[in-house]
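# Structural overview
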Amino acid sequence: MRIDILTLFPEVIKPFINASILHRAQQDGHVRFFVHDFREYSEDKHRRVDDYPYGGGAGMVLKVEPVVNALRGIDPDHEAVRILMSPQGLVYHQKKARTLAENTSLLILCGHYEGFDERIRDYFDMEVSIGDYVLTGGEVPALVVIDSVVRLLPGVLNNEASAVEDSFSEPLLEYPHYTRPRTFEGKKVPDVLLSGDHAKIAAWRREKALERTKKRRPDLYEAYRKKENS
Ligand code: ADE
């Protein structure tokens, strides 16, 4: 997969994509990242990418030209799925990550300032929000999308099963995990996990996943029950 990221803050994006699993995914050839500072595409001699809003009001607005110039320079034939990060977008979830992971090319714009020129929307395929809260910019949201997509690419996680078994692959939260020591400050690892009986362990994990989902996320539990009964 190829991922282009348009940002005014490449220094925020780069350390994250060059660490840990995303770093390994690049080395193993599963993903290529291209980080672009779209200030480079400004036609302004001061390289400005924002301006005052028509009609007045507080804050600055991201201009349309540098964004469209960047899109035309980077993705002239509109081959990538173009994603605009914005709190006004559809709220992101695991199902969306799975559909995005099926593409060969993504291009993500990290917005900034009070907002962006409305006409920018016409050049994108989708607008994505990572939740109902407002951040200072689209970099962290873009990294959320990138991380959730890249880990789903075939071969990225060593243990293929771990991507499938995660919370939200089916609409259940994960069962509790334990590792050594067997006892910590009086808290013991459940006996069943030490039993070596794989069927019993699987049944216990299932039960705990259901119990936990029902308690913490009744909405997910209901969706799961509906799916099971359909
Ligand atoms: N930019 C600012 N807040 C955001 C959010 N919640 N999701 C996506 N992009 C954003």
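Residues numbered from 1 in each chain as written. Predicted model: local features only at pLDDT ≥ 70, side-chain atom pairs only at ≥ 80, totals over all residues. Heavy atoms only, no water.

Before going further, it helps to examine the nonpolar core. In this structure, Ile3, Phe33, Ile83, Leu100, Ile146 and Val150 are the most contacted members of the largest nonpolar core, which totals 30 residues. If you list the elements that add at least two residues to this core, you get β1 (2-7), α1 (10-17), α2 (20-27), β5 (81-91), α4 (94-100), β6 (105-110), β8 (126-129) and α5 (139-150). The biggest single contributor to this core is α5, with 6 residues. When sequence neighbours within four positions are dropped, the list of residues in contact with Leu100 reads Met1, Val81, Ile83, Tyr92, Leu106, Met126, Val145 and Val149. The next biggest cluster of nonpolar side chains, apart from the first, holds 18 residues, and it includes Phe38, Leu62, Ala70 and Phe124. (Core = buried A, V, L, I, M, F, W, Y, C linked by side-chain atoms within 4.5 Å. Buried < 20%, exposed > 50% of the residue type's maximum accessible area, 1.4 Å probe, protein only. Helix = DSSP H or I, 4+ residues; strand = E, 2+ residues; numbered from the N terminus. Contact = heavy atoms within 4.5 Å.)

Met85, Ser86, Pro87, Val128, Ser129, Ile130, Gly131, Tyr133, Val134, Leu135, Gly137 and Pro141 make up every residue found near the ligand. The contact in question runs from a nitrogen atom of the ligand to an N or O atom on the backbone of Gly131, over 3.2 Å. Here a nitrogen atom of the ligand sits 2.8 Å away from a polar atom, N or O, in the main chain of Tyr133. Starting from 260 Å² of accessible surface for the ligand in isolation, the protein chains cover 96%. When residues of the shell around the ligand are traced back to their parent elements, those giving at least two are β5 and β8. Take the shell around the ligand: its biggest share by element is 3 residues, from β5. In terms of residue class, the shell around the ligand is built from 8 nonpolar, 4 polar and no charged. (Near = heavy atom within 4 Å. Polar contact = N/O pair within 3.5 Å; in protein donor to acceptor, adjacent residues only side chain to side chain. Areas by Shrake-Rupley, 256 points an atom, 1.4 Å probe, with all protein chains shown as cover. Nonpolar A, V, L, I, M, F, W, Y, C, P; charged D, E, K, R; others polar.)

Moving on, we come to the packing of helix α7 (residues 198-216) against helix α8 (residues 218-229). Relative to each other, α7 and α8 sit at 125°, their axes nearing to 5 Å. By the angle between their axes, α7 is oblique relative to α8. Mapping the contact onto sequence places Arg206, Leu210, Thr213, Lys214, Lys215 and Arg216 in α7 and Pro218, Leu220, Tyr221 and Tyr224 in α8. Of the residues that constitute the contact of α7 with α8, the class distribution is 5 nonpolar, 1 polar and 4 charged. (Axes fitted to C-alpha atoms, helices over the stretch in contact; angles between N-to-C directions. Parallel < 35°, antiparallel > 145°, perpendicular 65-115°, else oblique.)

Further remarks concern the sheet that holds β8. In space, the 5 strands of this open sheet follow the order β2-β1-β6-β5-β8, with parallel pairing throughout. Bordering the open sheet on either side are β2 (32-37) and β8, each of which pairs with just one other strand. For this sheet the average axis-to-axis angle between neighbouring strands, irrespective of direction, equals 30°. (Pairing = 2+ DSSP bridges.)

The next subject is the sheet that holds strand β3 (residues 50-51). Read across the sheet, 3 strands follow the order β3-β4-β7 without closing on themselves; strand pairing throughout is mixed. Each end of this open sheet is capped by a strand with a single partner; those strands are β3 and β7 (115-116). As judged from the 2 bridges shared by strand β4 (residues 61-62) and β7, these two strands associate in the parallel manner. Paired with Val61 across the two strands is Gly115, which belongs to β7.

A word on the pairing of β8. If a strand is regular, its side chains alternate between the two faces of the sheet. A two-sided burial pattern is seen for β8, the buried positions comprising Met126 and Val128 on one face and Glu127 and Ser129 on the other. Pairing analysis gives 5 bridges linking β5 to β8, with the strands arranged parallel. Residue pairing in the sheet places Ile83 in a bridge with Met126 of β8.

This part takes up the environment of Arg151. Checked against the element boundaries, Arg151 lands in the loop between α5 and α6 (160-165). Taking the C-alpha atoms as reference points, Arg151 and Ala101, 50 residues apart in sequence, are found 8.9 Å from one another.

Note on interface size: it is often stated as the accessible area lost on association of the parts. For the protein, the assigned domains read domain 1 (2-150) and domain 2 (170-229). Put simply, the middle of domain 1 and the middle of domain 2, counted by C-alpha atoms, are 37 Å apart. (Domains from an automatic or database assignment.)

Tallied over the entire structure, the rule returns 13 salt bridges. One salt bridge connects Asp117 with Arg119, and the closest N-O pair in it is separated by 2.7 Å. Residue class for Arg119 comes out partly exposed when judged on its relative accessible area of 48%. The closest approach of N and O atoms between Arg121 and Glu127, which form a salt bridge, is 2.6 Å. Pair check on accessibility: Arg121 and Glu127 agree, each one buried. (Salt bridge = Lys/Arg side-chain N within 4 Å of Asp/Glu carboxyl O.)

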